[in-house]
Amino acid sequence: RGAIEFKDVSFGYGPERLVLNNVSFTVPSGSTVALVGPSGAGKSTIMRLLFRFYDVNEGAILVDGQDVRTVTQASLRANIGVVPQDTVLFNNTVRYNIQYGRLSAETADIIAAAKNADIHDKILTFPDAYDTQVGERGLKLSGGEKQRIAIARTLLKDPAIVLLDEATSALDTNTERNIQAALARVCANRTTLIIAHRLSTIIHADEILVLRDGEIIERGHHEILLTQG
Ligand code: ADP
Ligand code: ADP
């Protein structure tokens, strides 16, 4: 489950300009691909097309061999989890914030998701200490910890595909690396992972696609891209 194929995809938000130009790539089920490129390269657009927020002008996008144009948006969304940049966290425990991903989840599943995302030790704390209603119980969580909550929340839904959009990340490089490593570890084999980032600091991708102005200008593994500069 979660295999993705972009076949000669071209797309523009308006008629005047293509934002993606003849983009082709495949992501095997359960693998991790990184979309790397400067702001405006087209990374978020690729993610939006996966959800069918827009349909392609030319080419096709297949998920598990099915053209997304033949699939409802609702079922695509049920299959794809997004770990957003700025997670909306409720004024409630970390545990509740994770459970929000699937309100009917069993306690054991919530705990497992929290453990997988390495946020289990904070499960009874509140995300923001400076909230006056919470008072002493609160404990300020770091940006990385908040993102781990978002990961656990997404994992609880057990989607076939997870998108991590770090394109505008405010986290420091080390925290980002740890987050990506944690996510890649828990997604391994079971969940297809797409990471968008402006820098090739990605460490845990099976393949890196370098995007510029809507085209893939380079693809390969981290080591190969590094030696090429
Ligand atoms: P990235 O995620 O790599 O920063 P985007 O996919 O957001 O790139 O943007 C690719 C191009 O599409 C940019 O030139 C951007 O200005 C344009 N773009 C993005 N969203 C919209 C939109 N809703 N309407 C029109 N143009 C857009
Ligand atoms: P929710 O917690 O709201 O159920 P989902 O995991 O179902 O979130 O994620 C799907 C939703 O995420 C989409 O409806 C969309 O509004 C949102 N989303 C956030 N970032 C992106 C992105 N980069 N591309 C596409 N959708 C995004």
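As the structure is a computational prediction, the values presented were derived from the model and not from experiment. (Residues numbered from 1 in each chain as written. Chains lettered and ligands numbered in written order. Predicted model: local features only at pLDDT ≥ 70, side-chain atom pairs only at ≥ 80, totals over all residues. Heavy atoms only, no water.)

K.L.:
If you had to explain the pairing of strand 9 (residues 207-212) to someone new, which residues and values would you point to?
P.N.:
As judged from the four bridges shared by strand 3 (residues 32-36) and strand 9, these two strands associate in the parallel manner. Bridged to Ala34 within strand 9 is Ile208. By the bridge criterion, five bridges tie strand 9 to strand 10 (residues 215-220) in an arrangement that is antiparallel. Looking across to strand 10, one finds that Val210 is bridged to Glu218. (Pairing = 2+ DSSP bridges. Helix = DSSP H or I, 4+ residues; strand = E, 2+ residues; numbered from the N terminus.)

K.L.:
Go over the pairing of strand 4 (residues 58-63), please, and point to the residues and values.
P.N.:
Pairing analysis gives five bridges linking strand 1 (residues 4-11) to strand 4, with the strands arranged antiparallel. Opposite Ile4, over in strand 4, you have Val63 as the bridge partner. Bridge count between strand 4 and strand 5 (residues 66-67): two bridges; the pairing is antiparallel. The partner of Val63 across the bridge, within strand 5, is Gln66. Here strand 4 folds back onto strand 5 in antiparallel fashion, the turn holding two residues, of which Asp64 has a positive phi close to 50°.

K.L.:
Outline the side chain of Asn97, listing residues and values.
P.N.:
Looking at the secondary structure, you find Asn97 in helix 3 (residues 94-99). Those residues within four positions of Asn97 in sequence are excluded, and the remaining contacts are Val88, Leu89, Phe90, Asn92, Pro127, Ile149 and Arg153. (Contact = heavy atoms within 4.5 Å.)

K.L.:
An account of the sheet that holds strand 6 (residues 80-83) is needed here, citing residue identities and associated values.
P.N.:
Pairing in this open sheet of six strands is mixed, and the strands run 6-7-8-3-9-10 from one edge to the other. Only two strands of the sheet have a single neighbouring strand rather than two, namely strand 6 and strand 10. Taking each pair of neighbouring strands and ignoring which way they run, the sheet shows an average axis angle of 20°. Of the strands in this sheet, strand 6 and strand 7 (161-165) touch helix 5 (residues 143-156), which is tilted by about 170° from strand 6. (Axes fitted to C-alpha atoms, helices over the stretch in contact; angles between N-to-C directions.)

K.L.:
Hey, could you go over the site of ligand 1 for me, with residue numbers and the actual values?
P.N.:
Residues in close proximity to ligand 1 total 13 residues, the closest being Arg17, Gly40, Lys43, Ser44 and Thr45. Here Ala41 contributes a backbone N or O atom positioned 3.1 Å from an oxygen atom of ligand 1. The contact in question runs from an oxygen atom of ligand 1 to an N or O atom on the side chain of Thr45, over 2.5 Å. For ligand 1, whose accessible area on its own is 560 Å², the fraction buried by protein is 64%. Split by residue class, the shell around ligand 1 holds five nonpolar, five polar and three charged. (Near = heavy atom within 4 Å. Polar contact = N/O pair within 3.5 Å; in protein donor to acceptor, adjacent residues only side chain to side chain. Areas by Shrake-Rupley, 256 points an atom, 1.4 Å probe, with all protein chains shown as cover. Nonpolar A, V, L, I, M, F, W, Y, C, P; charged D, E, K, R; others polar.)

So far we have only geometry, and geometry alone does not tell us how the molecule works.
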